[in-house]
Amino acid sequence: MGRLLKYIRFLLTATNHHGVHSPFVYRFVTECLYTQGAQQHKTIDVLFKSIAYFESKSLWLSAEYIEYKEAVQKRFPSVQFGQPQFDLVLIAASAEQKILELLGDSTVLHNETMLVIDRIHKSAKTTNIWQQMVASPKVRVSMDLYYCGVVFFRKEQVKEHFKIRI
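A short tour of the structure in this document, coming up.

What counts and how
- Residues numbered from 1 in each chain as written.
- Predicted model: local features only at pLDDT ≥ 70, side-chain atom pairs only at ≥ 80, totals over all residues.
- Heavy atoms only, no water.
- Buried < 20%, exposed > 50% of the residue type's maximum accessible area, 1.4 Å probe, protein only.
- Helix = DSSP H or I, 4+ residues; strand = E, 2+ residues; numbered from the N terminus.
- Pairing = 2+ DSSP bridges.
- Right-handed = clockwise from strand over helix to strand, strands pointing away.
- Polar contact = N/O pair within 3.5 Å; in protein donor to acceptor, adjacent residues only side chain to side chain.
- Contact = heavy atoms within 4.5 Å.
- Expected span 1.5 Å × (residues − 1).
- Salt bridge = Lys/Arg side-chain N within 4 Å of Asp/Glu carboxyl O.

1. Here we look at the pairing of strand E3 (residues 86–92)
Logical step 1: Taken across its seven residues, E3 has seven buried, putting it largely inside the fold.
Logical step 2: Inspection of the sheet shows strand E1 (residues 58–61) paired to E3 by three bridges, in the parallel sense. Paired with Leu-61 across the two strands is Leu-90, which belongs to E3.
Logical step 3: Pairing of E3 with strand E4 (residues 109–118) involves six bridges; the strand directions are parallel. Residue pairing across strands places Leu-88 opposite Met-114, the latter belonging to E4.
Logical step 4: Considered for its hand, the β-α-β crossover made up of E3, helix H5 (residues 96–104) and E4 is right-handed.

2. Some remarks on the side chain of Arg-154
Logical step 1: Tracing the chain through its elements places Arg-154 in the loop between strand E6 (148–152) and strand E7 (160–163).
Logical step 2: Note on Arg-154: relative accessible area 13%, which makes it buried.
Logical step 3: In terms of polar contacts, Arg-154 uses its side chain to reach the side chain of Glu-112, at 3.4 Å.
Logical step 4: Beyond its immediate chain neighbours, meaning those up to four positions away, Arg-154 contacts Phe-24, Asn-111, Glu-112 and Arg-140.

3. Some points on helix H3 (residues 42–54)
Logical step 1: The first and last C-alpha atoms of H3 sit 18 Å apart over 13 residues, in line with the 18 Å expected at 1.5 Å per residue.
Logical step 2: Contacts from the buried residues of H3 go to helix H2 (23–33), E1, helix H4 (69–75), E3, E4 and E6.
Logical step 3: Note on H3: the residue one or two positions beyond its end, Glu-55, has a positive phi of about 50°.

4. Quick notes on the pattern of salt bridges
Pairing between side chains of opposite charge can happen when their charged atoms approach one another.
Logical step 1: Under the criterion given, the structure shown has four salt bridges.
Logical step 2: Residue Lys-49 pairs with Asp-45 through a salt bridge whose shortest N-O separation is 3.2 Å. Placement of both Lys-49 and Asp-45 in helix H3 is noted, with a separation of four residues, approximately one turn of the helix.
Logical step 3: When its relative accessible area of 14% is taken as the criterion, Asp-45 is described as buried.
Logical step 4: Note that Glu-112 and Arg-154 form a salt bridge whose closest N and O atoms lie 3.4 Å from each other. Of this pair, Glu-112 sits in strand E4 while Arg-154 sits in the loop between E6 and E7, and the two are 42 residues apart along the sequence.
Logical step 5: For Glu-112, a relative accessible area of 41% gives the class partly exposed.
Logical step 6: Several salt bridges converge on common partners, so that one network encompasses Glu-112, Arg-154 and Glu-156.

In structure tokens form, the structure reads like this:
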């Protein structure tokens, strides 16, 4: 399916904050994702907004995004890199092996960790990787934002999946 057709299909099936009934997700969408952003790249915008919203202290960027490390440090000087357990992780959907390693390593991720997976709709393979991640029993909350996907491991949360227009 063409990218434009995929995007139109996403728009037709996605919702905004009014279609969200989880208090945690509703607050995240309205108080974080829907705030004014300054980045050109939607995923990086989600990253910066989320660091501020969750007051993340420990961040891991996969190799594709290491160029943003300096910008993160400048804007959030207290954020540490490479300090497990990570509060926030940014990784490309194509890094399937690393995603599986992260999911399997309980010393790296904790209950409040947020994973941002970029380009989940880039190809059939990345969409499949995203769907496998959403199906994982460890993932409790997942949000398809089209440009990227966001997952949380909150054990106290009922397993839910959302498609959110940003």
